[in-house]
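Fold and contact review
Single-letter residue listing:
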Amino acid sequence: MVSGSQQTVSTRPISVSRLRKTYRDVVAVDDVSFEVDHGEIFGIIGPNGSGKTTTVECLQGLRDPDSGEVDILGLDPRTQRKALRHRIGSQLQESSLPDRIRVWEALDLFAAMSPRSRDWESLARDWGIYEKRHSAFATLSGGQRQRLFIALALVNQPEVVFLDEMTAGLDPAARHDAWGLIRGVREQGATVVLVTHFMEEAEALCDRVAVFQNGTVLAVDTVPGLVARYAGDSTVRFTHDGDLPWLSEVEGVERVTREGGRVTVRGSGPLLAHVAAALVGRGIAPADLRVELGTLEDVFLSLSAGNGRR
């Protein structure tokens, strides 16, 4: 807590209330609040400069907020940094190591710094970098570096792990490999806070997501929950040459358009089920019937367009 009143210990591993951080005249984080449950992958998404990194740095005790309350594993990051550091793991956005340091040297160094450290050799095997233990950091590929950074973040057996843009700069194949690593962090019992600007990544990995913009949180929910609230419209497409004047009367249908034989139906709710049932009921079974649901990117664009918090 940084407001001066008695801090209330949360039963959740992370609790943030009304967090604020400024840099002179720039408000980086403004009235941010959210909670993270045990064992979840909690995503923080938003454009550059939206306050994502500043927020997680305040949570880790790397920056002091101006006001608000932060509880991490029952500890105050501002006044209990040392105790907190032994219980969390971190891979920062600008993570790097000296070019000449060898993989085993980095792991051994990080392990020596924590009283809770695990055997770094088994950790290196778990994360597929043991065969590279004698290699210098500068010689590692992007994917190998990410594996090393995750191993370093886990060497103290953390209860909470912060991953900030860990897949930035990776090619698509390496990024998908990294997703498996992130799931592996959770499988080892840690709660994960994942900062990312890749919407597909958040959709694939996160149990819940906080959408940041201009230093504030616009919404927090599961991905399906966010889509339902802010991008709930569905689109059903299929091919049919005959007239379908009755289709606009089907439950959930809001608009029907066509270009030649291509029919597009827009609406809400279980649109595909209603349209499919109506078509089959009239003896029509298009082989290419498909639905396009809203995405997290649609949610972000909708919120960014000024719909605000709901």
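The preceding data block contains the structure.
Residues numbered from 1 in each chain as written. Predicted model: local features only at pLDDT ≥ 70, side-chain atom pairs only at ≥ 80, totals over all residues. Heavy atoms only, no water.

1. A closer look at the nonpolar core
Within the largest apolar cluster, 54 residues are counted, with the highest numbers of intra-cluster contacts made by Leu107, Leu148, Val209 and Leu296. The leading source of residues in this core is helix H5 (residues 142-154), at seven residues. Once you skip the residues sitting within four places of it in the chain, leucine 107 turns out to touch Trp120, Ala124, Ile129, Leu148, Ala151, Leu152 and Val155. Within the second largest apolar cluster, 26 residues are counted, among which are Ala28, Phe42, Leu84 and Ile88. (Core = buried A, V, L, I, M, F, W, Y, C linked by side-chain atoms within 4.5 Å. Buried < 20%, exposed > 50% of the residue type's maximum accessible area, 1.4 Å probe, protein only. Helix = DSSP H or I, 4+ residues; strand = E, 2+ residues; numbered from the N terminus. Contact = heavy atoms within 4.5 Å.)

2. Notes on unusual backbone geometry
Of note in the backbone geometry, aspartate 31 takes a positive phi value of approximately 60° without being a glycine. A relative accessible area of 29% means that aspartate 31 is categorised as partly exposed.

3. Let's talk about the sheet that holds strand E3 (residues 41-45)
Pairing is mixed across the open sheet formed by six strands, whose spatial order is E5-E6-E7-E3-E8-E9. Of all the strands in the sheet, just strand E5 (88-91) and strand E9 (216-221) have a single pairing partner and so form its edges. Taking each pair of neighbouring strands and ignoring which way they run, the sheet shows an average axis angle of 15°. Note: strand E6 (residues 160-164) against strand E7 (residues 191-196), five bridges, orientation parallel. Looking at the pairing, aspartate 164 lines up with valine 195 of E7. Contacts between helix H6 (residues 172-187) and the sheet are confined to E3, E6 and E7, with E7 contributing the most and set at about 155° to the helix. (Pairing = 2+ DSSP bridges. Axes fitted to C-alpha atoms, helices over the stretch in contact; angles between N-to-C directions.)

4. Section: the pattern of salt bridges
Following the criterion strictly, the structure yields 14 salt bridges and no others. The closest approach of N and O atoms between arginine 229 and aspartate 221, which form a salt bridge, is 3.3 Å. Across the salt bridge formed by glutamate 259 and arginine 262, the nearest N and O atoms sit 3.6 Å from each other. Of the residues examined, arginine 262 reaches a relative accessible area of 55% and is grouped as exposed. Several salt bridges share partner residues, and in doing so they unite Arg12, Glu35 and Asp37 into one network. (Salt bridge = Lys/Arg side-chain N within 4 Å of Asp/Glu carboxyl O.)

5. What to know about the sheet that holds strand E13 (residues 290-292)
Taken in spatial order, the four strands make up an open sheet running E11-E12-E10-E13, and their pairing is antiparallel. Whereas interior strands pair on both sides, the edge strands pair on one side only; in this sheet they are strand E11 (253-259) and E13. Going from strand to strand, the sheet's axes swing by 20° on average, the running direction of each strand aside. Relative to strand E12 (residues 262-267), E11 runs antiparallel, the two sharing six bridges. When the bridges of E12 are listed, valine 256 appears paired with valine 265. On top of the sheet, helix H9 (residues 271-281) reaches strand E10 (234-239), E11, E12 and E13; it is set at about 30° to E10, its chief contact.

6. Looking at a nonpolar patch on the surface
Together, Leu109, Phe110 and Met113 give the surface a local cluster of nonpolar side chains, amounting to about 290 Å² of exposed area. Along the polypeptide, phenylalanine 110 turns up in helix H3 (residues 103-112). Here phenylalanine 110 falls in the partly exposed class, since its relative accessible area comes to 31%. (Patch = residues over 30% accessible without salt bridge, like charges linked within 9 Å, V, L, I, M, F, W, Y side chains within 5 Å. Areas by Shrake-Rupley, 256 points an atom, 1.4 Å probe, with all protein chains shown as cover.)

7. Focus on the packing of aromatic side chains
Scanning the entire structure with this criterion turns up two aromatic pairs. When the ring of phenylalanine 34 is compared with that of phenylalanine 42, the centres are 5.1 Å apart and the planes differ by 15°; the resulting orientation is stacked. Here the two residues phenylalanine 34 and phenylalanine 42 agree in accessibility, since each one is buried. Considering the side-chain rings of phenylalanine 137 and phenylalanine 149, the 5.8 Å spacing of their centres and the 55° angle between planes classify their relative orientation as tilted. Taken as a pair, phenylalanine 137 in the loop between helix H4 (120-126) and H5 and phenylalanine 149 in helix H5 lie far apart in primary sequence, 12 residues in all. Overall, phenylalanine 137 belongs to the buried group, its relative accessible area being 2%. On the basis of relative accessible area, phenylalanine 149 is assigned to the buried category, the value being 9%. The ring of tyrosine 130 has arginine 133 sitting right over it, with the charged end atom 3.9 Å from the ring centre. Above the face of the phenylalanine 137 ring, arginine 145 is positioned so that its terminal group lies 4.4 Å from the ring centre. (Phe/Tyr/Trp six-rings, centres within 6.5 Å; stacked < 30°, edge-to-face > 60°. Lys NZ or Arg CZ within 6 Å of the ring centre and 35° of its normal.)

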